[in-house]
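These are the residues of each chain, in order.
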Amino acid sequence: MLTAELKKGSAEFLILALLKHRARHGYELSKLIESRSRGTLSFNVSSLYPLLHRMEERGWIEGRWVEQLGERRRRFYSITRDGKKTLATQRESWREFVEAIALVSRLKRT
Amino acid sequence: MTPPDDWRAELRRRLESIEVNPADLEDAIEEFAQHLESAELDLRARGRSATEARTQLLSEVNDATLRELIRRRSGPQRESPLAVGADGAGHPGAGRTADVMRDIQFGLRTLLRERSFTAFVVTALALGLGANVAMFGVVDRLLLRGPLHVRDAHQLHRVVSATRPIDQPPQRTAYLTYAQYRAFQADTTVFAGVAAYNVLHGTMYGVRGNARPVHRGSATGNFFTLLGVRPVLGRFFTEREDDPDDPQRVVVLGYGFWQSEFGGDRNIVGRTIHLDYSVYTVIGIAPRGFTGVGLSRVDAWVPESGVPHSTNWQTIWHWPWLNVVVRTRPEVSMAQANDALTRLHRNGYRGRSEVDRNATLTAEPIHFTTAGVEATQTRLSRWLFGVSAAVLLIACANVVNLLLARTMRRRRELAVRLALGASRVRIVRLLVLEALLLALAGGLAGVAVAYALGATARGLIPDVDWSTGFVNGRLLVATAAFAVLVAMLVGVLPAMHGSSANPGDALKAGTRAGGGRTAWVRSALMVTQAALSVVLLVGAGLFVRSVREAAALDLGIATDRLITFKLDHLPPRIRDDDTAAIRREVSRRNAFYPTVAEQLRAWPEIDGVSLAAAVPFVRLEEDRIRVPGRDSIPGLPGGGPFVAAVSHDYFRTVKTPILRGRSFDAGDREGDAPVAIINETAARTLWPSRDALGMCLVVADADGCATVVGVAADTKRRTLRDEAAIQVYVPREQQPIGDDPRFVIRARDDVATVTAKVRQELLRLDPTILYVYVDRPHEDVLAQARPWRLGAVIFMLFGVLALIVAAVGLYSVVSYVVTQRTREIGVRIALGAQPQAIMWMALSNALALAVTGVVIGLLLSVTAGRGMTPLLFGTAPTDPIVLAIAAGTMVLVAVAAAFRPAWRARRIDPVEALRFE
């Protein structure tokens, strides 16, 4: 199990990545996070929405009610311009972080 | 399966007591419930029992976290405009105003959230309101406000004379004689005052090279007192200065002229200016926008007695040139005024014409033209105002429709509010406030639309002085009034509907519940929209056809690129008894015209030059003609006979075709056998059973016959509606009938450049030329077609607008109906209905509405069209092509608008549809 801080950080990154190409609603996000992280990360109503709200407040994502004909209205979240920038920088630092970890762990092994 | 509403009830129970905006609370509950619902289904799909799944999910719902989240989401203000106790009681010190302010904020937020809805409503209202305000501006200027600075304009009347000439249709004119004006002054019981004026559009201001035509008003000394107008500087002239025995050369300048010509110099009084080569002393400045009783600009006002007249101008009865205005006493009826005018005229008449003696005189509204009728553009603007009202109606109908649909969708939200204790008054207020906000935004955007549309309309009515501005206080008041009216109209109906929601029923029913009454209202609105759109399209079609007919009309002469130049010479410095010198001057001038014409002909930028004393749309000459052996010439509805003395290349220059025989040639000179060319109508009228060529015709005061050598095509003379008349052409070398000739020139290049060059050349060639008057017949022709153009542009604009609005309306209605019937459609598809049948079901609904609207619209068009006939040109209001196109367009647009939602209907998934709600 991941620590709370790491979980939050990685979840934010995952959510931004998931929203990069299309808007999704909350449950869809939670299911995707769960499956992409192979069960490592999981969210419920009480944990997901506060996170989404924080991300909204930071201006990374935007929630909007969408009424589609033949469907019930749903709140969809989409990525903002700021969110895309954050995603790009986070992607970079995660890549460096993962490389560093890999390097460190490899060093240890040898 | 767990009923979906269970999660909502559960969440509502847990979270209800939070003091936040109920809408935000509802949103949160909805979002979380959807999440839980989906999660429950997933858990059960993985094999958990209903109870297990529920227990797990319930354990995950952390009330405190969610409450805090909802509070944060609802924003820092945490206001709860419609929650329990929020009607003032729960907020100490919060009064009604604070409530309203909160409602406004809340409404604004709601509207901003529903962006596409708000955008459509605001656009529809902006276009509707803008069109109305623009047309109100035009009608206000042409009809309602009347001339500016005139006191009690409703008591002022223009005197119109109606005569019934033998053999000709009745005639009306507002041109009267000075003698008539004096005759009307005899009565002081019926009229509080009588004045006369005349506006001339070609008076020359300045001298020679610098001279240019200005609009000069001449008026009797009592004119300004009668109108009740005050000057902004100096004074107006008085009856003492308008004394026919001792006229004073004084002038009052128009405000615009004073500004443009003298930069608004306040020391202008006492200076002198040249008008028609006479020197006038400036005594005052008229107020801004003062145009007398007409609507066109006046640059300078001079006393009637001070302008050059023929010697007996005060006493002649047969040569009318003055417009007479009377101010009736308040207690006098129109019938009494008319009787008095006719009686005074007949008693005073000293002329010799029985037709003129028996004229009937009437006092008509001041906005009538000098032709004694209402101007086409005025009649048209009244129609256009009606049209714009129709557009506003359509826009309103649509907005009402959308608000209704929205209220239906919000039934649950409203029901929650009612259930939570908000009063009905509060909800109605909120809905009306929302409508007001929409109308306000629409009104503001409408002002911009009004400016743009108004500029277009004004451009098409250029002969009216718009200098005092277009959007004024009245207009803004009118917009505001319109906006509020519209808000009430579009706000109240949905609001009534919304507030009547019974909380229990509405909460139980989904959005599916439609309500039969609303459906009926919506259908009626749709039909009305379609009908009004068709009416507007028909109007547009009729005017477009009129413009095309006018453009395609064969005038008999090609007016484009045609320019005429008339010369005015300085009085020669020759003693009256020096006959030899006078003769020399006359022959010099006579030689001047053909010589200069010959020189100009060599210019590469000129296509043709000829001389003519009479030119269609510029100047006409009427004269007698006689056919030996016939007692009289039959009178024709077009008047006449008209006679023109022209040089030999006239027909080639103006491009009037010679149908038979020959044109004039250089051989038709003074002293040769007199010849004449007549038009087709003359040939047919004078020699109905024989060929006119070779016949004898006596023109004007000639001693003998002129032989008809050619037959020319008929031409229009003054208006596009001219009826056929007899026209005779003679070589000016043989019979110089009429005034000095005009140069008639066809430009090959840019007309303005050629005009300037020729004018300069003429002034250079003869230093005794004082003024060169330039006319372009084409401008007159274009001006005559302008009302149709105005009608075509505005109707087209409004028609397309109405069509778009109606299309969006139809789209939303069909979408709505498909949503409402999703379940039913799902059942049908499940039972094996063909997709085509489903699609047709949705389409037929829209089609039925559209077709009903089209039928009503066509009936309305045909009925209203009868009143429109005189405004059209060469087009019947029942023109089948126009009607068919309008109807076809509406039906096509209806199908196009309904297609997308109908297409969606055929693809409804029966499984989902049955789960829906």
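Residues numbered from 1 in each chain as written. Chains lettered and ligands numbered in written order. Predicted model: local features only at pLDDT ≥ 70, side-chain atom pairs only at ≥ 80, totals over all residues. Heavy atoms only, no water.

1. Side note on the overall build of chain B
Scanning chain B from N- to C-terminus turns up 26 helices and 23 strands. Split into buried and exposed, the 917 residues of chain B put 53% on the buried side. Partitioning the intrachain contacts of chain B with sequence separation of at least 6 by distance along the chain shows that 80% fall at a separation of at least 24. About 40,300 Å² of surface is accessible on chain B, with carbon and sulfur atoms providing 56% of the total. (Helix = DSSP H or I, 4+ residues; strand = E, 2+ residues; numbered from the N terminus. Buried < 20%, exposed > 50% of the residue type's maximum accessible area, 1.4 Å probe, protein only. Contact = heavy atoms within 4.5 Å. Areas by Shrake-Rupley, 256 points an atom, 1.4 Å probe, with all protein chains shown as cover.)

2. Some remarks on the confidence of the model for chain B
Residue and element names in this part refer to chain B. Per-residue pLDDT for chain B averages 82, and the proportion of residues at 70 or more is 90%. Predicted confidence in chain B is weakest over helix H16 (residues 503–508), with a mean pLDDT of 51, and strongest over strand S7 (residues 250–253), with 95. Note on residues 77–94: pLDDT is under 50 here. Beyond four places in sequence and across chains, it has 41 contacts. Taken together, the stretch residues 507–515 has pLDDT below 50 and engages in 16 contacts with residues farther than four places along the chain or on a different chain. (pLDDT = per-residue confidence, 0-100.)

3. Observations concerning helix H21 (residues 751–765) of chain B
All names here are of chain B. Across its 15 residues, H21 extends 21 Å between first and last C-alpha, which sits within 8% of the 21 Å expected from 1.5 Å per residue. Buried within H21 we find Val-751, Val-754, Thr-755, Val-758, Glu-761, Leu-762 and Leu-763. Among the structural elements, strand S13 (562–569), helix H18 (579–601), strand S14 (606–612), strand S22 (742–747) and strand S23 (769–775) are those in contact with the buried residues of H21. (Expected span 1.5 Å × (residues − 1).)

4. Here we look at the pairing of strand S9 (residues 278–285) of chain B
Residues and elements named next belong to chain B. Counting buried residues in S9 gives six out of eight residues, a clear majority hidden from the surface. Pairing of strand S6 (residues 233–234) with S9, which is carried by two bridges, proceeds in the antiparallel orientation. Counterpart to Gly-234 in the pairing with S9 is Gly-284. Pairing analysis gives four bridges linking S7 to S9, with the strands arranged parallel. Bridge assignment links Val-250 to a residue of S9, and that residue is Thr-281. The pairing of strand S8 (residues 272–275) with S9 spans four bridges and is classified as antiparallel. Bridge pairing in S9 links His-274 to Val-279. Between the end of S8 and the start of S9, which pair antiparallel, lie two residues, with Asp-276 showing a positive phi angle near 50°. (Pairing = 2+ DSSP bridges.)

5. Section: the state of the cysteines
All names here are of chain B. By the definition in use, this model includes one disulfide over all chains. Each sulfur in the disulfide pair Cys-696 and Cys-705 lies 1.6 Å from the other. Here Cys-696 and Cys-705 share a disulfide; its torsion about the S-S bond, -75°, makes the bridge left-handed. Accessibility expressed as a relative area gives 36% for Cys-705, which makes it partly exposed. (Disulfide = S-S within 2.5 Å.)

6. A short note on the nonpolar core
Counting 102 residues, the largest nonpolar core has Phe-543 and Phe-798 of chain B as the members making the most contacts within it. Ranked by residue count, the leading element in this core is helix H22 (residues 777–820) of chain B, at 19 residues. Not counting the four nearest positions on each side in its chain, Phe-543 of chain B is found in contact with Leu-380, Trp-788, Gly-791, Ala-792, Phe-795, Met-868, Leu-871 and Leu-872 of chain B. With 43 residues, the next largest nonpolar core counts Tyr-27, Met-55, Ile-79 and Leu-87 of chain A among its residues. (Core = buried A, V, L, I, M, F, W, Y, C linked by side-chain atoms within 4.5 Å.)

7. Observations regarding the interface of chain A and chain B
Of the residues lining the interface, 22 residues belong to chain A; the matching set on chain B comes to 27 residues. Here chain A meets chain B over a buried area of about 2,400 Å², counting both sides, of which 54% is carbon and sulfur. Across the salt bridge formed by Asp-27 of chain B and Arg-73 of chain A, the nearest N and O atoms sit 3.0 Å from each other. At the surface where chain A touches chain B, the tally comes to twelve residue pairs in polar contact (both at pLDDT 80 or more). Put simply, the parts of the chain that give the side of chain A that touches chain B at least two residues each are helix H2 (26–36), helix H3 (45–57), strand S2 (61–66) and strand S3 (74–79) of chain A. Broken down by element, the side of chain A that touches chain B gets its largest block of residues, six residues, from H3 of chain A. Counted by class, the side of chain A that touches chain B contains eight nonpolar, six polar and eight charged residues. (Buried area = accessible area lost by both parts, 1.4 Å probe. Salt bridge = Lys/Arg side-chain N within 4 Å of Asp/Glu carboxyl O. Polar contact = N/O pair within 3.5 Å; in protein donor to acceptor, adjacent residues only side chain to side chain. Nonpolar A, V, L, I, M, F, W, Y, C, P; charged D, E, K, R; others polar.)

8. Side note on the sheet that holds S2 of chain A
An order of S1-S3-S2 (chain A) is seen for the three strands of this open sheet, with the pairing classed as antiparallel. Of all the strands in the sheet, just strand S1 (24–25) and S2 of chain A have a single pairing partner and so form its edges. Helix-sheet contacts for H3 of chain A involve S2 and S3 of chain A, and the interaxial angle to S2 of chain A is about 115°. Contacts from helix H2 (residues 22–45) of chain B reach S2 and S3 of chain A within the one sheet, and its direction differs from that of S3 of chain A by about 90°. (Axes fitted to C-alpha atoms, helices over the stretch in contact; angles between N-to-C directions.)

9. So, the pattern of salt bridges
Counting across every chain of the model gives 41 salt bridges over all chains. Here Arg-13 of chain B makes a salt bridge to Glu-10 of chain B, at a shortest N to O gap of 2.7 Å. On the criterion of helical spacing, the pair formed by Arg-13 of chain B and Glu-10 of chain B is a turn pair, its members being three residues apart in helix H1 (residues 5–15). The buried category is assigned to Glu-10 of chain B, whose relative accessible area is 14%. The residue Glu-779 of chain B makes a salt bridge to Arg-776 of chain B at a minimum N-O spacing of 3.2 Å. Here Glu-779 of chain B falls in the partly exposed class, since its relative accessible area comes to 46%. Each of Glu-56 and Arg-75 of chain A together with Glu-31 and Arg-73 of chain B takes part in a single network of salt bridges with overlapping partners.

10. A few points about the packing of aromatic side chains
By convention here, two paired aromatic rings are described through the distance between centres and the angle between planes. All names here are of chain B. Taken as a whole and assessed by the stated rule, the structure comprises 27 aromatic pairs over all chains. Centre to centre, the rings of Phe-223 and Phe-224 are 5.5 Å apart; their planes meet at 80°, and the pair counts as edge-to-face. An angle of 85° between the planes, with centres 5.1 Å apart, marks the rings of Phe-224 and Phe-237 as edge-to-face. Of the two residues, Phe-224 sits in helix H8 (residues 223–227) while Phe-237 sits in the loop between S6 and S7, which places them 13 residues apart along the sequence. (Phe/Tyr/Trp six-rings, centres within 6.5 Å; stacked < 30°, edge-to-face > 60°.)

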